[in-house]
Amino acid sequence: SFERPAVVSGTDKSRWIEPSNRSVSVEDGQVVSGDRSFLYCQFGPRTMGKSFCDIRILLVVAAAAFIFIQVRLFATQSEYADRLATAVESENQCTSQMRLLIDQISMQQGKIVNLEEANKLKDEESAQLKTLLRDLKTKNLQNLIGKHEVPVAAVVIMACNRPDYLERTIESVLKYQRSIATKFPLFVSQDGTNSDVKSKAMSYNQLTYMQHLDFEPIHTERPGELIAYYKIARHYKWALDELFFNHNFSRVIILEDDMAIAPDFFDYFEATAALLDKDKSIMAVSSWNDNGQKQFVHDSYALYRSDFFPGLGWMLTKTIWDELSPKWPNAYWDDWVRLNEVHKGRQFIRPEVCRTYNFGEHGSSMGQFFRQYLEPIKLNDVQVDWKSSDLTFLMEENFLKYFAKMVSNARPIRESDVILKANNIDSDIRIQYNDQRHFEHIARQFGIFEEWKAISLSYQFHLIAYKGVVVFRYRGQKRVFLIGPDSLRLLGIE
């Protein structure tokens, strides 16, 4: 190592001192004395300034790079710190929400436990109330029918959502039922929860109220069908099951909530009840005649057998219901009863003059045919003494002979100008039709109900037909028999 001189210039001479105190002379950058193996540096003024400038630039660049790196590191650290803070905050929020959710679940579980306990109590109360209600119904029913008297038939009014119609029907029934209430205990069966109907029914202490609650969804079998017909079928099955199986009645009369009854309604059903028990070829007794309009009826005592189920105020036995209940249809129960595979050739009793009047212009059938066919129906106003009437002629074998004789005695006329000929003949007449279209043509001329409805055995028949024969009155007492192509053979008429 050398001791650096204070000034070294191009012309200056200076000395570097060796550690061994040997002197070395330097002149113009040359070693002039001492050991030549020592090198030296020439430090001129320009060279020194330039070197210092380069060093400063490098230092500035290095400082700038250092500062940039530090700033980037700081920025990166700040960003990661923000992210970490956000993550911590999110974790805290999740933890809070999780705790809140756990608290809510705990509260809901507590509520569920409370609801289950409350539901259990309600079930117990409901069971107690049902038992109490059953006892009250039994006591009420015993009060209505008496302790030792066996009723002829229960009477049930099928209701839904027409309180005004229901009131009119109840009043009509009670008018003639009060004096014989023990023979014909009265029920109202409501389908659904209409509060006005329920209040109206329960305002009468002369009847027993039943309510059908069915919350199962209804799936129609074909698109566009009204679910009302499915609800009606369910209601009928439930009500008849209640009356036959739970109350153990031997017979039930079914009315709808838009019907008025005739003065002899109950006497008529009491008289025909014996027929249901004796003659197994009779499936039910009806109070209705589809051709019961004022211009087509005359005799209040006249009764007929029919291959067609008229409905609209009818009575059946428990034996028949035991057969029908297990296979009851989902909808259109009345058309189902009319099927041959259901009635199996059994027939129905019907009057010439109706014992019920249907005033229900508004209902499930949308008032179909009301003004043309239902409104003109004549409700019987004659008090017939059915108790002293001999109805054995309605037994299967007797009626076939009885009816065949009437048809045989009727004067046959050809189809052309039937109205003119019918007007000019005073006795009963018979007119033969060949098929459905021919029948409808003749029926349209007279104005009777022309709907062609069902098939029985090997022949088709019209509403209220017997052996394919439709009978109605024309201009007073005169009977008109519309005879099917096989009717005479089925009646044994040659």
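The following paragraphs examine the structure supplied in this document.

Criteria and cut-off values
Residues numbered from 1 in each chain as written. Predicted model: local features only at pLDDT ≥ 70, side-chain atom pairs only at ≥ 80, totals over all residues. Heavy atoms only, no water. Pairing = 2+ DSSP bridges. Helix = DSSP H or I, 4+ residues; strand = E, 2+ residues; numbered from the N terminus. Axes fitted to C-alpha atoms, helices over the stretch in contact; angles between N-to-C directions. Contact = heavy atoms within 4.5 Å. Phe/Tyr/Trp six-rings, centres within 6.5 Å; stacked < 30°, edge-to-face > 60°. Buried < 20%, exposed > 50% of the residue type's maximum accessible area, 1.4 Å probe, protein only. Lys NZ or Arg CZ within 6 Å of the ring centre and 35° of its normal. Core = buried A, V, L, I, M, F, W, Y, C linked by side-chain atoms within 4.5 Å. Right-handed = clockwise from strand over helix to strand, strands pointing away.

Turning to the sheet that holds strand β7 (residues 251-256), a few remarks are in order. Strand order in this open sheet of eight strands is β6-β5-β4-β7-β11-β9-β12-β10, and the pairing throughout is mixed. Lying at the two open borders of the sheet, with one neighbouring strand each, are β6 (207-212) and β10 (303-306). Put simply, the sheet's adjacent strands are angled 25° from each other on average, direction ignored. Strand contacts of helix α4 (residues 228-246): β4 (154-159), β5 (186-191), β6, β7 and β11 (314-317), with the helix running at about 135° to β6, the strand carrying the most contacts.

Throughout the structure, instances matching the rule amount to 31 aromatic pairs. A centroid spacing of 4.8 Å and a plane angle of 65° characterise the contact between Phe265 and Phe269, whose relative ring orientation is edge-to-face. Note that Phe265 and Phe269 are positioned in helix α5 (residues 265-278) at a spacing of four residues, about one turn of the helix. Owing to a relative accessible area of 0%, Phe265 belongs among the buried residues under this scheme. Plain terms: the ring middles of Tyr301 and Trp386 are 6.3 Å apart, the flat faces sit at 45° to each other, and that makes the pair tilted. In this pair, Tyr301 sits in the loop between β9 (282-286) and β10 while Trp386 sits in the loop between α9 (370-374) and α10 (396-409), placing the two residues 85 residues apart along the sequence. Taking relative accessible area as the criterion, Trp386 reaches 2% and is therefore assigned buried. By the ring-pair criterion, three or more aromatic residues cluster together here, those being Tyr236, Phe244, Phe309, Trp314, Trp321, Trp328, Trp333, Trp336 and Phe348. Above the plane of the ring of Tyr80 lies Arg83, whose end atom (NZ or CZ) is 5.7 Å from the centre.

Core analysis: the biggest nonpolar cluster contains 53 residues, and Phe403 and Phe481 have the highest contact counts within it. Among the elements that line this core, the one with the most residues is α5, at seven residues. Once residues within four sequence positions are removed from consideration, Phe403 is found in contact with Tyr304, Tyr466, Val469, Val471, Phe481 and Leu491. Ala239, Ile320, Leu324 and Trp333 belong to the second largest nonpolar core, which has 28 residues in total.

Here two bridges tie strand β14 (residues 411-412) to strand β15 (residues 429-432), and the two strands are oriented parallel to one another. Paired with Pro412 across the two strands is Arg430, which belongs to β15. With helix α11 (residues 418-424) bridging β14 and the parallel β15, this β-α-β connection has right-handed handedness. Bridge count for β15 against strand β19 (residues 479-483) is four bridges, and the pairing is parallel. Looking at the pairing, Gln432 lines up with Ile483 of β19.

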